[in-house]
Structure formats: structure tokens, C-alpha cells
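# Understanding the architecture of this molecule
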Amino acid sequence: MGEDILEKLMAIDPTILTYIVRQDQNDLAFDITDWTAKRLSDKGGTNPDGLWLFSGQGNSDKGSRHWSVVLKILQRQHDELPADNVWHWKRESSWAQSGLSKQLQGPGPVKAPRIYHSEETPEGAWIWMEHVQGTRSGPWTLDEYAFAAHQFGLWNGSYLTGSSLPSEPWLARQHYRAWLAIVDFEGALRFPLNQKYIPGETLARYERLWYERETFFNALESLPQVFSHFDSHRRNLLIRTSRTNQKELVALDWGECGVGAIGAELNWLIGYSAMLLEWPPAELPSLEEVAFPSYIQGLRESGWKGNTDLVRLGFTAMLAVYLGCAHPGLAANLCAAENREVALRRLGFAEDELFLRVLPGFDYVLDRADAARTLLKKLGLA
């Protein structure tokens, strides 16, 4: 399928591409002299053919120079889901055309790529955007995770200290309900690798968590609410140097952005980064030890003076339902023999080897679910 898309992309009208590139170069006289297109990434879970890099040479009265822009292709759903469902296909296109995306390209702690053009097509939507490049590739250090957590704290806190909470109908809400609706929990517990490697008492902890999930849902919905990215794992984040020579955080892939509990963003930055093996699952406590206080520091610097137990509950409750309730199902999907090729493409490992690499994260998530239960009682929410 990728080859068919590439053939279509290579036949694109040069006038359209010139219009995009001139915006990227901030130069209305810039002309493209040559260009090519290639797949930018194939690690996406739901849309591996959706991200393409266009690059080449061009010139204007300012001289000849290299350019590059990104095209994201969204696939239309056959069955249209509610606009606030986390799986609604059109959200990133709606976001790209909204004032929210423009706000995130201006001053602020969390940035988004500049959007040059977005249009709906019979097959879905095309979004042309800035090609963001981080200062370096590869795994992040603890300092880099701490920086990202601090920026998210500053940003989330702004919605509790003056900035209006957005109300667009296409923003995702209650992400966990749609996420867990696709999980066959009982079937997942019977998955051979879950039976082989997870002790019976751990499986019992998962069962307890699954049947208590509504309690966690209700807690998350009672907490202070913020607008946020809600897919902020390492693969969707870049740190670059700004034009003023400052570090800045750029978040990619806004397809799951929405409104949710304070602290919940850390589920992705901490938990999901480890699930994707961007951070060693066995070292999750050390990541939490730097990321959580950095997020709190950002909230405080934004002017928020609330109870930090609320933030801890937002983080641990979201981790419990988003990864805890889903862990057996995620393992059953990613580590199944029939999904070997997909797992190798996305994660570099498959089947038993992949399962054993993510296994150390299982107890961590269940322990944080226990911490959330304690907080629910302490805060009178149980």
C-alpha cells in the first residue's frame, strides 16, 4: 500500500508543493528546483502509511537552500464515531484548522508544528506541516524527561490559573472509556504468555482493577480538568533549540488531544514511553522520581496552588485504567505470533522476547493502582 501512496505523492502538482514550501521558508519568492518524497516513519500503530517527508532544493533572491516539510495523511473511518471519542479519525484535522493549533505555534511552554495547509479528501484528510527536528535522536536522558514534564506542568497549569478551557466538540474526553471498550479482558487473561509469565496473584490484581475501573473513571472525572496532548510518549516529543537559543518542547501527533484530569498527561510521558520501550520498564520508578516533581514545579510556576494529592491521583488513576486495565490485552495483541511482523517494526522485538522486556512494568502499574486507591480514601472519593 505504501508504494501506491508514494506513486500518488510523487505526482503531486508542483504548484501546491511550492505554496506549502514558501510558507515553510517564509519566502514568497522561493522556487523549488527538485524534490523527493519518502516515508518518514512506519512505527505508527493505526496508520503506518500516514507520515511522509518531502524534501529538496530551491532558490530565491536569498540564494539556494535545502527545504523539507511533512505531510500527514489521515484515513477516514467507515463507521463514524462520536466527535469526542478518542478514536475519532478527524480530530487532528479539526485541530490543525483551529485556533488551538495556532496558539501552540506561538509563545508558550509546549509547541506544535506549524501547520501550512489542511484539507479533507474523499479518503480522509491531508495535513501539511513543519518538519520538526530535535537536537538529537535516540533515547532521552532523565534530564530531558524532567524538562518535558516541567513544560507540560506549566502548560496544564495555565488552564487552572486564567486560560479558558477549550470547549470544541471534537476534543477527546474520557479517553479511557473508548480505550478499554476495545479490550477483551477475559480473553486476554487466557493468552498463553500471560498465563506462562504472570503469577496467579498478579493476574488476580489485574482482575480486581478491571472490575473497579468505574471507580477510577469517576475519580478522574472529579479532578480539575485541563486541555492537554494526552499522547505524549517519547516518540511524539522532540526537544529543539529555539530562535532565541532556548530549549523548547515540541509535541507531534495531536490526534488524541482533549480535556482530562490534571496529572493524567504523565501516564503517557512515563508509562507509555516505557510500554514502547523508549525507557526501560524495569527503571520506571527512577523516571517517575524526576518527572513527577518536575511536573509539579511547572504547575506551581504557572500559579496553581492546589493540593498535590490531586495531581498524584490524576497520574496514578490514569495509569491504572489506561495501562493497568489494558496491560493483559496489550500483551496479548503485541506479543501474539500473528502480529510478529508488526511488533518487530514498531518495537524491535516480538513474542516471548517482547513480553519479557515489558513484564517489569506490570508490577509498577499495579502498585500505582494501589497508591490511587489510598489517595481515593484520603481525599474522600472512594
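Our structure's up above, just so we're on the same page.
Criteria and thresholds
- Residues numbered from 1 in each chain as written.
- Predicted model: local features only at pLDDT ≥ 70, side-chain atom pairs only at ≥ 80, totals over all residues.
- Heavy atoms only, no water.
- Buried < 20%, exposed > 50% of the residue type's maximum accessible area, 1.4 Å probe, protein only.
- Helix = DSSP H or I, 4+ residues; strand = E, 2+ residues; numbered from the N terminus.
- Pairing = 2+ DSSP bridges.
- Salt bridge = Lys/Arg side-chain N within 4 Å of Asp/Glu carboxyl O.
- Core = buried A, V, L, I, M, F, W, Y, C linked by side-chain atoms within 4.5 Å.
- Contact = heavy atoms within 4.5 Å.
- Expected span 1.5 Å × (residues − 1).
- Axes fitted to C-alpha atoms, helices over the stretch in contact; angles between N-to-C directions.

## Remarks on the pairing of strand β10 (residues 247–251)
For β10, the buried fraction is high: 4 of the 5 residues fall into the buried class. Here strand β4 (residues 110–111) runs beside β10; their pairing, made up of 2 bridges, is parallel. Its bridge partner lying in β10, Lys111 is registered against Val250. Pairing analysis gives 5 bridges linking strand β9 (residues 237–241) to β10, with the strands arranged antiparallel. From the neighbouring strand, Ile239 faces β10, where its bridge partner is Leu249.

## Observations concerning the pairing of strand β2 (residues 51–60)
Extensive coverage of β2 is indicated by the burial of 7 of its 10 residues. Relative to β2, strand β1 (residues 31–39) runs antiparallel, the two being bridged by 8 bridges. Bridge assignment links Thr36 to a residue of β2, and that residue is Ser55. With 10 bridges joining them, β2 and strand β3 (residues 63–75) adopt antiparallel strand pairing. Bridge assignment links Leu51 to a residue of β3, and that residue is Lys72. Linking β2 back to β3 in an antiparallel pair, the connection comprises 2 residues.

## So, the pattern of salt bridges
A full pass over the atoms with the stated rule returns 26 salt bridges. The partner of Glu144 in a salt bridge is Arg136, and the shortest N-O contact between them spans 2.6 Å. By relative accessible area, which is 38% here, Arg136 ends up partly exposed. For Glu221, the salt bridge is made with Arg177, and the minimal N-O distance between the two is 3.2 Å. A residue pair is termed long-range when its members are at least 10 positions apart, and Glu221 in helix α10 (residues 213–222) and Arg177 in helix α6 (residues 175–181) qualify at 44 residues. Since its relative accessible area comes to 27%, Arg177 is described here as partly exposed. Through salt bridges that share partners, Arg205, Arg208, Glu212, Asp367, Asp370 and Arg373 make up one connected network.

## Focus on the nonpolar core
Among soluble globular proteins, nonpolar side chains are generally buried collectively. Trp95, Leu180, Phe227, Leu249 and Trp254 are the most contacted members of the largest nonpolar core, which has 107 residues in total. The leading source of residues in this core is helix α13 (residues 308–324), at 10 residues. Beyond its immediate stretch of four places on either side in the chain, Trp95 contacts Leu100, Ser101, Leu104, Ala112, Ile115, Trp170, Trp254 and Cys257. Ile20, Leu71, Trp126 and Trp128 belong to the second largest nonpolar core, which has 17 residues in total.

## Focus: the sheet that holds strand β11 (residues 258–261)
Strand order in the open sheet made by the 3 strands is β7-β11-β8, with mixed pairing throughout. Among the strands making up the open sheet, the edge pair consists of β7 (172–173) and β8 (225–228). Pairing of β8 with β11, which is carried by 4 bridges, proceeds in the antiparallel orientation. Bridging across to β11, Phe227 finds its partner in Val259.

## So, helix α5 (residues 142–158)
The terminal C-alpha atoms of α5 lie 25 Å apart, and with 17 residues this matches the ideal 24 Å at 1.5 Å per residue to within 8%. Burial analysis of α5 places 13 of its 17 residues in the buried class, the great majority of the element.

## Observations regarding the sheet that holds strand β5 (residues 115–120)
Strand order in this open sheet of 5 strands is β1-β2-β3-β6-β5, and the pairing throughout is antiparallel. Looking at the sheet topology across the chains shown, the edges are occupied by β1 and β5. Adjacent strand axes in the sheet meet at a mean angle of 20° when their direction is disregarded. On top of the sheet, helix α2 (residues 14–25) reaches β1, β2, β3, β5 and β6 (124–130); it is set at about 115° to β3, its chief contact.

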